[in-house]
Amino acid sequence: MEEARKYIEETYSKLVKKDPDQTEFLQAVKEFLNSIEPVFTAHPEFIEQNILERIIEPERIIQFRVPWTDDQGRVQVNRGFRVQFNSANGPYKGGLRFHPSVNQSIIKFLGFEQIFKNSLTGLPIGGGKGGSDFDPKEKSDAEVMRFCQSFMTELQRHIGPDLDIPAGDIGVGGREIGYLYGQYKRINGSQAGVLTGKPLMLGGSLARTEATGYGLVYFTDKMLQNEGKSFENKKVIVSGSGNVALYAIQKVHELGGTVIACSDSNGYILDPAGIDYTTVKQLKEVERKRISEYVTTHPTAIYSEGNIWDIEEAYQIALPCATQNEVNKDLAKNMIAQGVIAVAEGANMPSDLEAIEVYRQAGILYAPGKAANAGGVAVSALEMSQNSQRLSWSFEEVDEKLTDIMEAIYTEVRDTAKLYQVEGDFVAGANIAGFVKVALSMISQGIV
Ligand code: NDP
Ligand code: 2IT
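So, here's what we can say about the structure. Keep in mind the model is a prediction, meaning the values are calculated, not measured. (Residues numbered from 1 in each chain as written. Chains lettered and ligands numbered in written order. Predicted model: local features only at pLDDT ≥ 70, side-chain atom pairs only at ≥ 80, totals over all residues. Heavy atoms only, no water.)

## Points about empty space enclosed by the protein
Within the structure shown, the criterion is met by one cavity of 30 Å³ or more. In this structure, the largest cavity encloses a volume near 60 Å³. Split by residue class, the lining of the largest cavity holds five nonpolar, two polar and four charged. (1 Å grid on protein atoms, 1.4 Å probe; cavity = no way out; pocket = protein on both sides within 12 Å on 5 of 7 lines; lining within 4 Å. Points joined across faces, edges and corners; volume = space filled by probe spheres on them. Nonpolar A, V, L, I, M, F, W, Y, C, P; charged D, E, K, R; others polar.)

So, in structure tokens, the structure goes:
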């Protein structure tokens, strides 16, 4: 459809003029725009309503100073962000990332993808994201606490249980959410539902910690089953060793696969006997150490510096669970050369646009993050439900709901791709299915 193509191209070039330096945000928008052209034949009203230009513009961006005092008594200053991207489907929902690389472009790309991911869950949540360039590594608990208190002192005026509900992401886990929650409560009075991913004793949900990694593996399993395949006897590589990676490793082993390697930002470990999940959990979740330490208790494993996707070792399934753009064209080609048949993303945008093209050319199964890693935010939404009802569901109950949600997302993404005549293209399936719901919801609310 000529008109749609022109509309898409014009929208993108306007954005490039406005935000030329926001490379990650432009990349996420480009990936989205590249796949949604088929929508406009069925929905010409999306052009009349200028939905694209509206959806790529955040409803609101909040940026603030976060001053705090380190253990030496020096005053430090970080930058805080919250992007309230789209509330058509419900209150803004999305994590907070604490990492030195955080800037407006990164928070906007994450917030943008969150809109469609949250829409895919089928739960009533809009999209948002936030964070800071604060680096929690090598900081004492007291420093992390003082930082979180300062961060929340500003953020609290912009969020609320029916308005905007942050959670974790890179560098933000139960410890940080606990400190953030404590400060919110101190300023506002008790509000269990204002953050998710809370420690259990503060009203957190069972299975939230595991949800993203488990959900990723449930999704991947469905995708494999559809082709008559499974995790059974497959060799798998998982990048990262944080929250998402850890529980993905555990679930792959439960389903009969063997994870032979995982990583952190310094390097990777290769253990052909299978990565020992309990050692990684102890090292990364409890002791906050480097993955290189794994080899001290597992002498058969090898530690190497560099990118995990450079590994030359036969394996079949790749689960990137670390960070954006960790896989480029050459690394994607290397995956294919090692025999990879499926890539499913636990991280947000871990494959760059050229890597995605390599997967496509090779004809392998490829599940983009906004579909495959939606289990985390889905269980966050279940945490909100439990908080509102003053109930807490059992681990099994939450895990069962998570399984159903991931299956429903898989089916919707697959069937949407088929419906729009791009069968097997899960990028298009996820973008279109997520987008159409949000666009219709925006139109029903008028020009706001
Ligand atoms: P964690 O902070 O728990 O772990 C992040 C992992 O990725 C660590 O092993 C970290 O290594 C590694 N990593 C981080 N930055 C880089 C980098 N620049 N280069 C190489 N490795 C890096 O975060 P999560 O596990 O929560 O998040 C991982 C990914 O999953 C992110 O893309 C996040 O957005 C996404 N995600 C998270 C969800 C959640 O519920 N937590 C939900 C959906 C998606 P190191 O320790 O050395 O920094
Ligand atoms: O990227 C993500 O979906 C998350 N970091 C989880 C967000 C959430 O609100 O649980």
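Anyway, onward from the coordinates.
## Here's the deal with the site of ligand 1
Around ligand 1, 26 residues are found, and the nearest of them are Asp169, Thr212, Ser265, Arg290 and Asn348. Note that an oxygen atom of ligand 1 is positioned 2.9 Å from one of the backbone N or O atoms of Gly171. Here Arg290 contributes a side-chain N or O atom positioned 2.3 Å from an oxygen atom of ligand 1. Residue assignment for the shell around ligand 1 shows that the elements contributing at least two residues are helix H9 (208–225) and helix H10 (243–254). Here the residues of the shell around ligand 1 sort into five nonpolar, 13 polar and eight charged. (Near = heavy atom within 4 Å. Polar contact = N/O pair within 3.5 Å; in protein donor to acceptor, adjacent residues only side chain to side chain. Helix = DSSP H or I, 4+ residues; strand = E, 2+ residues; numbered from the N terminus.)

## Comments concerning the site of ligand 2
In the region of ligand 2, 14 residues are neighbours, and Lys93, Lys117, Asp169, Arg208 and Ser380 sit closest. Here an oxygen atom of ligand 2 and a side-chain polar atom of Lys129 are 3.0 Å apart. Between Gly168 and ligand 2, the recorded distance is 3.1 Å, taken from a backbone N or O atom to a nitrogen atom. Across the complex, the protein chains shield 94% of the 300 Å² of accessible surface that ligand 2 would expose by itself. Only strand S3 (92–98), helix H6 (104–120) and helix H16 (375–389) provide two or more residues apiece to the shell around ligand 2. Among the residues forming the shell around ligand 2, the class breakdown is two nonpolar, seven polar and five charged. (Areas by Shrake-Rupley, 256 points an atom, 1.4 Å probe, with all protein chains shown as cover.)

## What about the packing of aromatic side chains?
Ring pairs (aromatic) are described by centroid distance and by the angle formed between their planes. On inspection of all chains with the given rule, the structure shows 23 aromatic pairs. Ring centres of Phe32 and Phe435 lie 5.3 Å apart, and the angle between their planes is 80°; on these two criteria the pair is classed as edge-to-face. With Phe32 in helix H2 (residues 23–33) and Phe435 in helix H18 (residues 426–444), the pair connects residues that are 403 residues apart, well separated along the chain. A relative accessible area of 1% means that Phe32 is categorised as buried. The exposure class assigned to Phe435 is buried, which follows from its relative accessible area of 0%. Judged by centre distance (5.6 Å) and plane angle (80°), the ring pair of Phe219 and Tyr410 falls under edge-to-face. Placement of the pair is Phe219 in helix H9 and Tyr410 in helix H17 (residues 395–419), with a sequence separation of 191 residues. Classification of Tyr410 by relative accessible area gives buried; the value is 3%. One aromatic cluster is present, built from ring pairs that chain together Phe25, Phe32, Phe46, Phe85, Phe112, Phe116 and Phe435. The ring centre of Trp393 lies 4.7 Å from the NZ or CZ of Lys401, which sits over that ring. (Phe/Tyr/Trp six-rings, centres within 6.5 Å; stacked < 30°, edge-to-face > 60°. Buried < 20%, exposed > 50% of the residue type's maximum accessible area, 1.4 Å probe, protein only. Lys NZ or Arg CZ within 6 Å of the ring centre and 35° of its normal.)

## Examining the nonpolar core
In terms of nonpolar packing, the biggest core is built from 54 residues, with Phe219, Met223, Val236, Val238, Ile275, Leu319 and Ile409 touching the most fellow members. For this core, the element with the highest residue contribution is H9, accounting for eight residues. Ignoring anything within four residues of it in the chain, the contact list for Met223 reads Ala342, Val343, Ala344, Leu365, Ala367, Tyr410 and Phe426. Listed in part, the 41 residues of the second largest apolar core include Leu26, Ile55, Ile106 and Leu110. (Core = buried A, V, L, I, M, F, W, Y, C linked by side-chain atoms within 4.5 Å. Contact = heavy atoms within 4.5 Å.)

## Regarding the pattern of salt bridges
Tallied over the entire structure, the rule returns 26 salt bridges. Among the ionic contacts, a cluster of salt bridges with common partners joins Glu2, Arg5 and Glu37. (Salt bridge = Lys/Arg side-chain N within 4 Å of Asp/Glu carboxyl O.)

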